[in-house]
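# Chain and residue survey
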Amino acid sequence: MKKRLLTEISTEVVAAFLDGNATAEESRQILMAIAEDEELREVIRTSLSVDAELCQIPFGGEAIPQMAMAATCNEEHYCCLECEKQVLTHFGIAYDDDQLLEEAIAKGWQQEEGTALHNVGRHLEAKGLTVERRFRATLADLAKALEGGCGVIVAVDGGELLGDRAQEILEDLLVGEILDHTVVVKAYDVEQGVVTIFDPNSPNAEDRYPVEQFEDAWNDSKNYMVTALLER
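All of these numbers come straight from a predicted model, not from anything done at the bench.

## Focus on the packing of aromatic side chains
Applying the stated criterion across every chain, the model contains two aromatic pairs. Between Phe135 and Tyr224 the ring centres are 4.8 Å apart and the planes differ by 55 degrees, which places this aromatic pair in the tilted class. Of this pair, Phe135 sits in the loop between β3 (130–134) and α7 (139–147) while Tyr224 sits in the loop between α10 (211–219) and β8 (225–229), and the two are 89 residues apart along the sequence. Residue Phe135 shares its accessibility class with Tyr224, and that shared class is buried.

Here it is, written out as structure tokens:
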């Protein structure tokens, strides 16, 4: 007899997971339950418009699941972690580099293949910041978050920022949209149409891009945005 787990998980927790606002423990419970509960799997599948297995989702599809990897990293470079450090610094919150990395690995936030979308911002939560996650964010949402004093991390196709633009356009056409990186948005000048970011892959302290180029890279994640605010 199949064990039914859906009744053990509140609708509020499922909704929070779908919105990207579930805690690390709630996300873990959902992901474990998906493997055994057909009804929950169908709820998640329908809501995210992905296949019943919830794996190997093409980023060019209609939606990207919260468990999709936001960044592909190597041992020397963890872009999501670097972005979270940047936000902590912005709010004047002290941290220990080695401790953050150890915690990320121990809790599964940082995996060999990268960082899952629903885990972007976990260190910020642990440090007391209020974190919200969402897909389909707009430039207006981005501007509002920055005006409100939020730290903002977005998931992007890193190659469309630092790579060869012509090659990236061809890649989108032949391969599809690719989500492989995170950056911190530091400013958005609406009048000038320029977005200023901190990019862990860049040698610069900050880089400025025409909003069209930034949007092109951001669109690959279905405009996934993580905001963090220090409540006074």
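## Focus: the pattern of salt bridges
A complete count under the given rule lists seven salt bridges for this structure. The closest approach of N and O atoms between Lys85 and Glu82, which form a salt bridge, is 3.2 Å. Here Lys85 pairs with Glu82, and both are found in helix α4 (residues 79–90), just three residues apart, close to one helical turn. Since its relative accessible area comes to 9%, Lys85 is described here as buried. A relative accessible area of 26% places Glu82 in the partly exposed class. Here Lys85 ties to Asp97 by a salt bridge, and the two come within 2.7 Å at their closest N and O atoms. Within this pair, whereas Lys85 is found in helix α4, its partner Asp97 is found in helix α5 (residues 97–106), the two being separated by 12 residues in sequence. One continuous salt-bridge network, built from bridges that share partners, spans Glu82, Lys85 and Asp97.

## Here's the deal with the nonpolar core
Within the largest apolar cluster, 25 residues are counted, with the highest numbers of intra-cluster contacts made by Val87, Leu117, Leu124, Leu129 and Ile153. Elements represented by at least two residues in this core include exactly α4, β4 (151–156) and β8. Ranked by residues supplied to this core, first place goes to α4 with five residues. Excluding its chain neighbours within four sequence positions, the residues that come into contact with Leu129 are Val87, Leu88, Phe91, Ile93, Leu124, Ala228, Leu229 and Leu230. Listed in part, the 22 residues of the second largest apolar core include Ala143, Val152, Val154 and Val156.

## A word on α7
Among all positions of α7, only Leu139, Leu142, Ala143, Ala145 and Leu146 are buried. Looking straight down α7, one finds that the buried residues subtend no more than 160 degrees of arc, so they occupy a single side. Across from the buried face of α7, at angles greater than 90 degrees, the exposed residues are Ala140, Lys144 and Glu147. Next to the buried residues of α7 lie β4, β5 (181–189), α10 and β8. One or two residues past the end of α7 sits Gly149, with phi positive at roughly 85 degrees.

## Observations concerning empty space enclosed by the protein
Enumeration according to the criterion identifies one cavity of 30 Å³ or more in this entry. As a volume, the largest cavity reaches approximately 60 Å³. At three residues, α4 tops the list of elements feeding residues into the lining of the largest cavity. Along the lines of polarity and charge, the residues of the lining of the largest cavity split into four nonpolar, four polar and one charged.

## A short note on the packing of α4 against α5
Orientation of α4 relative to α5, taken along the N-to-C sense of each, is 130 degrees, at an axis distance of 11 Å. Of the possible angle classes, the one that applies to α4 and α5 is oblique. The handedness of the crossing between α4 and α5 is right-handed. Contact with α4, carried on its side by Leu81, Lys85 and Leu88, involves Asp97, Leu100 and Leu101 of α5 and no other residues of that element. Its residues assigned to classes, the contact of α4 with α5 comprises four nonpolar, no polar and two charged.

What counts and how
- Residues numbered from 1 in each chain as written.
- Predicted model: local features only at pLDDT ≥ 70, side-chain atom pairs only at ≥ 80, totals over all residues.
- Heavy atoms only, no water.
- Phe/Tyr/Trp six-rings, centres within 6.5 Å; stacked < 30°, edge-to-face > 60°.
- Helix = DSSP H or I, 4+ residues; strand = E, 2+ residues; numbered from the N terminus.
- Buried < 20%, exposed > 50% of the residue type's maximum accessible area, 1.4 Å probe, protein only.
- Salt bridge = Lys/Arg side-chain N within 4 Å of Asp/Glu carboxyl O.
- Core = buried A, V, L, I, M, F, W, Y, C linked by side-chain atoms within 4.5 Å.
- Contact = heavy atoms within 4.5 Å.
- Arc of directions from axis to C-beta.
- 1 Å grid on protein atoms, 1.4 Å probe; cavity = no way out; pocket = protein on both sides within 12 Å on 5 of 7 lines; lining within 4 Å.
- Points joined across faces, edges and corners; volume = space filled by probe spheres on them.
- Nonpolar A, V, L, I, M, F, W, Y, C, P; charged D, E, K, R; others polar.
- Axes fitted to C-alpha atoms, helices over the stretch in contact; angles between N-to-C directions.
- Parallel < 35°, antiparallel > 145°, perpendicular 65-115°, else oblique.
- Left-handed = near helix turned anticlockwise from the far one by under 90°.

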